[in-house]
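# Descriptive analysis of the structure
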Amino acid sequence: MAKEPVYKEVVDEVYRILWPKKLKLFTAGPVACFPEVLETMSFQMLSHRSKEYRELHRDTVERLEDFLEARKGIVMLFPSSGTGIMEASIRNAVTPSGKVLVTIIGAFGKRYREVVESNGRKAIVLEKKPGEPVLPEELDEALKKNPDVEAVTITYNETSTGVLNPLKELAKVAKEHDKMVFVDAVSAMGAADIKFDEWSLDIVFASSQKAFGVPPGLAIGAFSEEVFEKAKKIPNRGWYFDLLLYRKYQEQQWSTPSTPPIPQIAALNAVLRIIERMGGKYKWLKMYQERAEKIRKGVIDLGLELFAKPGYYSPTITVVKTPPGIKGVEVYEEMRKRGFEIAKGYGPVKEYTFRIGHMGYITDEDIKELFDNLREVINELMKKK
Ligand code: PMP
């Protein structure tokens, strides 16, 4: 094989399919990646059984365990998106005919319910109106009424409504009732604090393409010892997401049972090193918090309303109500024409909202340009009505 690319033009051909225009991303994920991430990913492959890969795996897992404050728990990496671990949580840690209390505050809580039911378990639902979080007293009441559930599922950050649930308080209530806590942190991990051990969480999972700003294809999960103890008693856990098998491979050889997405893991490792260089976890989380505040202020300065209940705003995605008579999708389409990919409304609130994602590689200049354009788009749409 030649050392230099021979068919250089194929790269442009693919770019023309995927990137006909270079859009600025304010998406719900996949999000824009750091330049360091893109560069880290363009290396030659190596075996996932090699000494070098094992070192990368070990280092990434240990950095994640620090980041998630999971010293008692164990972090593992999966060749899937986050939903894979959502399914694994049910297949590995809920008995085949068992019950789960599924809290729903939007589209992704609904997905958890579907995952529970499609795996033959029973879902008991605690559902709130879109825009609202689950409150600890509501969870307490639901658990008093349903003492036989084995676990509680919580969407930490509901990407469809822009609401951050009070995870620490909810987990405390679940533990008072002696229930396992499974957390969908897909759009929270990396931007909202997670103290895995201190909050007594059992399973927390996320996808690479969200707040860590890495391309999709890698899922990250943290698991308590209790999960593995439970899994030992559960038949038919499947193979691909058998947590006991994953743990065995990690403990014996710092690898995974099937082939992992090595470029994504290298990229995540780079991001965890960037976090370290920026001053550590809390400095990084503060960056996300300040960015979210700037976005919310921008929305309010345009005279628009936020969808989420005050006090529960998401640090990663802001859901905006459209002015009367304007559809969310119209704002989305007009912004696209101007080179910005925001996110359409999602789920039941789709029609009259649009979303501004603020994860990954976004500069202050990008935010300024976003709002300069959004102001003009809203004014133009209002004039047409
Ligand atoms: N949960 C939440 C809160 C999400 O935002 C998403 C993705 N938007 C998912 C689950 C599903 O994640 P994935 O597509 O990476 O499996």
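Please read all numbers here as calculations on a predicted model, not as lab measurements.

## Focus on the layout of surface pockets
- Roughly 980 Å³ of volume is contained in the largest pocket.
- Surrounding the largest pocket, 30 residues form its lining, Trp19, Leu23, Leu25, Val31 and Ala32 being those nearest its centre.
- Broken down by secondary-structure element, the contributors of at least two residues to the lining of the largest pocket are helix H1 (9–18), strand S1 (24–25), helix H2 (35–41), helix H12 (328–337) and strand S14 (343–344).
- Tallying contributions element by element places H1 first for the lining of the largest pocket, with three residues.

## A look at the pairing of strand S2 (residues 74–78)
- Across the five residues of S2, five count as buried, placing the element largely inside the fold.
- Burial along S2 is two-sided: Ile74, Met76 and Phe78 facing one way and Val75 and Leu77 facing the other are all buried.
- With five bridges connecting them, S2 and strand S10 (residues 219–223) associate as antiparallel partners. The partner of methionine 76 across the bridge, within S10, is glycine 221.

## Examining the packing of aromatic side chains
- Applying the stated criterion across every chain yields a total of 13 aromatic pairs.
- Ring geometry for tyrosine 240 and phenylalanine 241: centres 5.0 Å apart, planes at 85 degrees, overall edge-to-face.
- Overall, phenylalanine 241 belongs to the buried group, its relative accessible area being 17%.
- The structure contains a cluster of three or more aromatic residues connected by ring pairs, namely Phe78, Phe223, Phe228, Tyr240, Phe241 and Tyr246.
- In this structure, arginine 247 packs its charged tip against the face of phenylalanine 228, placed 4.2 Å from the ring centre.
- The ring of phenylalanine 67 carries the charged tip of lysine 281 above its face, separated from the ring centre by 5.6 Å.

## As for the domain arrangement of the protein
- Domain assignment breaks the protein into domain 1 (8–34 + 282–384) and domain 2 (37–276).
- Measuring from the centre of the C-alpha atoms in domain 1 to the corresponding centre in domain 2 gives 26 Å.
- Residue-level contacts link 27 residues of domain 1 with 38 residues of domain 2.
- Of all residues in domain 1, Phe34, Trp284 and Tyr312 give up the largest surface area on contact with domain 2, accounting jointly for 25% of the area buried on that side.
- There are zero salt bridges connecting domain 1 and domain 2.
- On the surface where domain 1 and domain 2 come into contact, there are 16 residue pairs in polar contact (both at pLDDT 80 or more).
- For the side of domain 1 that touches domain 2, the secondary structure elements donating two or more residues are helix H11 (281–301) and strand S12 (317–321).
- Of all the elements, H11 adds the most residues to the side of domain 1 that touches domain 2, at four residues.
- For the side of domain 1 that touches domain 2, the per-class residue count stands at 21 nonpolar, four polar and two charged.

Definitions and limits used
Residues numbered from 1 in each chain as written. Predicted model: local features only at pLDDT ≥ 70, side-chain atom pairs only at ≥ 80, totals over all residues. Heavy atoms only, no water. 1 Å grid on protein atoms, 1.4 Å probe; cavity = no way out; pocket = protein on both sides within 12 Å on 5 of 7 lines; lining within 4 Å. Points joined across faces, edges and corners; volume = space filled by probe spheres on them. Helix = DSSP H or I, 4+ residues; strand = E, 2+ residues; numbered from the N terminus. Buried < 20%, exposed > 50% of the residue type's maximum accessible area, 1.4 Å probe, protein only. Pairing = 2+ DSSP bridges. Phe/Tyr/Trp six-rings, centres within 6.5 Å; stacked < 30°, edge-to-face > 60°. Lys NZ or Arg CZ within 6 Å of the ring centre and 35° of its normal. Domains from an automatic or database assignment. Contact = heavy atoms within 4.5 Å. Buried area = accessible area lost by both parts, 1.4 Å probe. Salt bridge = Lys/Arg side-chain N within 4 Å of Asp/Glu carboxyl O. Polar contact = N/O pair within 3.5 Å; in protein donor to acceptor, adjacent residues only side chain to side chain. Nonpolar A, V, L, I, M, F, W, Y, C, P; charged D, E, K, R; others polar.

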